[in-house]
Amino acid sequence: MTAIRRVWIFAFLFTLWGMAANPLSASPSPRQDTPIANPAPADIEQGKQAFETRCSTCHGLDGGGAMGPNIQGIPMRLGAPAVADAIKNGMSGGMPAFAGQLDAMQIQQIIAYLLTLTHKDTGTVTGDPAKGKQVYDSSGCAGCHIIAGEGSGVGPELTMVGQLRGPGYLRNAVVFPGTDLPQARVFLETGGLLDYMFVHIVTKEGHAFDGTRVVEDSFRIVIKDASGKFHSFDKADLREFKKEPGKSVMPSFSGKLSGEQVNDLVAYLASLKGAQ
Amino acid sequence: MRIAKYALVLSLFLAGNPARSLAQNVSYERILHSQSEPQSWLTYSGSYFSQQYSPLKQINRQNIASLKIAWIYQPSKPVSNLESSPIVADGVMYITEPPSTVTALDVRTGLRLWSYTPTLPEHVVSIGLYATSRGVAILDDMVYIGTADSHLIALDAKTGAVRWNVHVADNVMGYAMTGPPLALKGKVIVGIAGSEAAVRGFIDAYDAKTGKRIWRLWTTPRVGEPGAETWGNGAYESAGATTWNNGSYDPDLNLIYWGTGNPAPDFNDDDRPGDNLYTCSLLAVDADTGKLKWYFQFSPHEDHDWDSDEPAVLFNATIDGKPRKLVGFANRNGFYYVLDRVTGKFITGAPFVKETWAKGLDANGRPIPAPNQEPTLGAGTLVYPSITGGVDWTSPSYSPQTGLFYVSVHETGAYFIKGTGKIEPGPPKGIVGGGGIRALAGEQSYGAIRALEATTGKRKWEFKLLAPAWVPVLSTAGGLVFSGTDEGNFFALDADTGKPVWNIELGHSARSNPISYEVGGKQYIFITAGNVYMAFSLP
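Throughout, residues of each chain are indexed from 1 in the direction in which the sequence is written. Labels follow written order: the first chain is A, the first ligand is 1, and so on. Owing to the predicted nature of the model, reporting of local features is limited to residues with pLDDT of at least 70; listing and counting of side-chain atom pairs is limited to 80 or more, with chain, interface and lining totals taken over all residues.

**Examining the overall build of chain A**
Link 1 in the chain: Secondary structure follows DSSP: runs of H or I at least 4 residues long count as helices, runs of E at least 2 residues long count as strands, and numbering of each begins at the N terminus. Looking only at helices and strands, chain A features nine helices and seven strands.
Link 2 in the chain: Using C-beta atoms placed from the backbone, we call a residue buried if 20 or more other C-beta atoms fall within 10 Å of its own, exposed if 12 or fewer do, and partly exposed for counts in between. The buried share of chain A, taken over its 276 residues, is 43%.
Link 3 in the chain: Each residue gets a C-beta atom placed from its backbone, and two residues are in contact if those atoms lie within 7 Å. Long-range pairs, those at least 24 residues apart, make up 62% of the contacts in chain A with a sequence separation of at least 6.

Printed below as a string of structure tokens:
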């Protein structure tokens, strides 16, 4: 590549960067240093190339984890500044520092690309979000979920679930909860363990517990039962310890809601992009 | 002129002053006979045989339940990628703080005695690795560290003052040092990292007193050199075979045993037909001359990133009624090997984890390839073990007491995806060649501590772990095996049965060698995790 051509490409990318990352041209956001709003395909492509060159050996080509952890969904969970900081300065557990190898634009392009890996599917929204909110309110969902500070924390918070999951995934979660669990962010060299794994436990004394796995190590496990209470066990003290992917403490809304209501509820959930 | 004369007189005085040489002296002879001073830990893996074994037995199966934290040390600044294994000698523990700081601690209390931090470039190049240091070496009155920017630095063991500093290789080209040096017989032996940046590997020996390079053994050949015929395309610039961990040493044979890493580019083998010597091999090297005495290549023409940089475990045992000098090696490719360490001849080998890439080993230990196990474009090929192998670089342990080889294994596979990039001249911009893997889900993977009969590889017991772990193993004469989990447990197992007898959650996975030492009549077990260096003892 000639030097002049390189300058032109740089100028072009710099212009793209300015257009995409300029806070004046993007929608207002509560965070500084947010991911590129509405990234251009060129940004995502650049991010993909940088990711595949620098990151995929450890995190896998799909970000699902390899020598390093599963990082699908990481920008939404930790926020772009934290991810940019981790890329720049590295972090404990094996993540190298890329300062000097990647500039700020490349880091943001990688984050933009990572965001495309967070949607497990796309699907389409066909319902009405406003009606969906009514369905949410009248179906008892807030008894287990928190949206923008309101509700109960038995199940996962849904404040930005529309950023993390596509409509098809949300529909499946409403109708067949527990059948397609997301990978948790844990520092394993393999893919992460599944979030919300259903666990059935019977202690040596004969006490039975059902719940979702909150955390597990090789010796212990903590579960959260359907009332939101945590229970901590040493595995050596258990008579039965069964992981049952496919089951869930969340009831299925299949048959309880009409097809239209499910569509509306999915539209509402898909519209949840963050705290207001 | 006058100053020079005074300097000469002073240096002659110092060199001939017996008081100085007695002040702090971890002589070669002391390291040779390290088993006779179990209170110390004088090399990376406890002895030149790299057995990760402690003859101490104050802490044992009967009393381990009362093992408690004795002290904790934390660096003044938080560190990343803590994989530092200490040296313990004469009341002092020498640790590294990533990337390249050396610190001396009071071994009884963990209090800091001195600390040395080299000046590193603003941007240290670390491609396919992270800037860390797995530890130092000690010899006589000096401590040695290989730095993230590829310098070898000798420090005064009493003060941390720099005695000499030599430039080993060009960090801008991707060369980095992460492994601990090996000090022996007036020399400091070091390896180098950077295969993913397509550097050419080597092993170097430096004069321990002066830092002058004595020999260099390149680990890939150039055209016209032996082994060049194993790199197709004639003039291909053979790259890789880096030597980024620690070696072992047999003083009777005067041979150093050092493992080598993958060829470059890793996931694209189009331009390098042939076996690609001496990648993914164990090299036996004459300690005086640096001449290659023999090699054993575990994974010819490798393209799954299965380096062979784990320290080779040397042990002696009887096979078919004859006493033999042996090497035990649990390779990243999933096979456990027993080699004759005099000749390098293969004795036996068997998978120690699930593997799908080879149908077995032939009479010479060469793998018999299984079909369709190469990385492919698109969705990739599912192969066992994964990129991290049956075990990666983390040290196994051999107990002369049980005759067992203890290793922390990874039971998982991955989809291997072929890269399309080529090696380009000039400083590397990233991992050369591209490609990579898609990992299996966590629920489809697990880890284990496995005890293998060292002479056969036959499994005696296993203790399952939730996830594949990156924690080295220590065995002790107290009948215990120490290791950790990726979830943050540090635990002890019964060395005979694998039954867990003690564990504690450290809040972060350990990554350094567990080691053991004794001071003031008390045995300690040492480990690191997160930002923390800690020692355990009985109350």
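Having seen the model, we can carry on.
**Focus on the overall build of chain B**
Link 1 in the chain: A count of helical and extended segments in chain B gives three helices and 38 strands.
Link 2 in the chain: In terms of its C-alpha atoms, chain B occupies a principal-axis envelope of roughly 65 × 65 × 50 Å.
Link 3 in the chain: Within chain B, the fraction of its 539 residues that count as buried is 57%.
Link 4 in the chain: Sequence separation of 24 or more characterises 61% of the internal contacts of chain B that already satisfy a separation of 6 or more.

**Concerning helix H4 (residues 80-89) of chain A**
Residue and element names in this part refer to chain A.
Link 1 in the chain: Every buried residue of H4 is listed here: Ala80, Val83, Ala84 and Ile87. Buried residues of H4, seen end-on, are gathered within an arc of 100 degrees and therefore sit on one face of the element.
Link 2 in the chain: The inward-facing, buried residues of H4 abut helix H3 (74-78) and helix H5 (104-116).
Link 3 in the chain: Just beyond H4, the residue with positive phi is Gly90, at close to 75 degrees. Working definition: the arc comes from the directions between the helix axis and the C-beta atoms, pointing outward to the latter.

**A look at the environment of A:Leu238**
Residues and elements named next belong to chain A.
Link 1 in the chain: Mapped onto the secondary structure, Leu238 falls in strand S7 (residues 238-243).
Link 2 in the chain: Leu238 sits 34 residues away from Lys204 along the chain, and the two C-alpha atoms are 5.3 Å apart.
Link 3 in the chain: In this structure Leu238 touches Ile201, Val202, Thr203, Lys204 and Phe233, once residues within four positions along its chain are discounted.

**Focus: the interface of chain B and chain A**
Link 1 in the chain: Tallying the contact residues gives 38 residues for chain B and 32 residues for chain A.
Link 2 in the chain: Contributing elements (two or more residues each) for the side of chain B that touches chain A: strand S28 (414-417), strand S29 (436-439) and strand S35 (500-505) of chain B.
Link 3 in the chain: In terms of residues, the side of chain B that touches chain A owes the most to one element, S29(B), which gives four residues.
Link 4 in the chain: Gly falls in the polar group here, along with every residue not listed as nonpolar (Ala, Val, Leu, Ile, Met, Phe, Trp, Tyr, Cys, Pro) or charged (Asp, Glu, Lys, Arg). Classifying every residue of the side of chain B that touches chain A by side-chain character gives 15 nonpolar, 18 polar and five charged.

**Focus: the packing of helix H2 (residues 41-59) of chain A against H5(A)**
All names here are of chain A.
Link 1 in the chain: At a minimum axis distance of 7 Å, the contact between H2 and H5 shows a crossing angle of 95 degrees. Comparing the axis directions of H2 and H5 gives the class roughly perpendicular. Mapping the contact onto sequence places Asp43, Ile44, Gln46, Gly47, Lys48, Ala50, Phe51 and Cys55 in H2 and Gln106, Gln109, Ile110, Ala112, Tyr113 and Thr116 in H5.
Link 2 in the chain: Among the residues forming the contact of H2 with H5, the class breakdown is seven nonpolar, five polar and two charged. With axes taken as lines fitted to C-alpha atoms, and helix axes fitted only over the stretch in contact, angles between N-to-C directions fall between 0 and 180 degrees. Every angle not falling under 35 degrees, over 145, or within 65 to 115 is termed oblique; those three ranges are roughly parallel, roughly antiparallel and roughly perpendicular.

**Considering helix H8 (residues 167-175) of chain A**
Link 1 in the chain: Listing the buried residues of H8(A) in full gives A:Pro167, A:Tyr169, A:Leu170, A:Arg171, A:Ala173 and A:Val174.
Link 2 in the chain: Considering only its buried residues, H8(A) is in contact with helix H9 (259-270) of chain A.

**Some points on the sheet that holds strand S2 (residues 68-73) of chain B**
Each strand in a sheet pairs with its neighbour through backbone hydrogen bonds, running either in the same direction (parallel) or in the opposite one (antiparallel).
All names here are of chain B.
Link 1 in the chain: On the basis of which strands lie adjacent, the open sheet formed by four strands has the order S2-S38-S37-S36 and antiparallel pairing. In this open sheet, the two strands that pair with only one neighbour each are S2 and strand S36 (515-519). Between one strand axis and the next, the sheet turns through 30 degrees on average, direction left out of account.
Link 2 in the chain: Pairs of strands are assigned from DSSP output, requiring at least two bridges between the strands. In terms of strand pairing, strand S37 (residues 522-529) meets strand S38 (residues 532-537) through five bridges, oriented antiparallel. Across the sheet, the residue bridging to Ala529 is Val532, located in S38.

**Looking at the nonpolar core**
Among soluble globular proteins, nonpolar side chains are generally buried collectively.
Link 1 in the chain: What makes a nonpolar core is a set of buried Ala, Val, Leu, Ile, Met, Phe, Trp, Tyr and Cys residues, with links drawn between C-beta atoms within 7 Å. B:Tyr94, B:Ile138, B:Tyr144 and B:Val188 are the most contacted members of the largest nonpolar core, which has 142 residues in total.
Link 2 in the chain: Excluding its chain neighbours within four sequence positions, the residues that come into contact with B:Ile138 are B:Val26, B:Leu42, B:Ile87, B:Ala89, B:Tyr94, B:Val143, B:Ala157 and B:Ala183.
Link 3 in the chain: One finds A:Ala50, A:Val83, A:Ile111 and A:Leu114 within the second-largest nonpolar core, a separate group that totals 21 residues.

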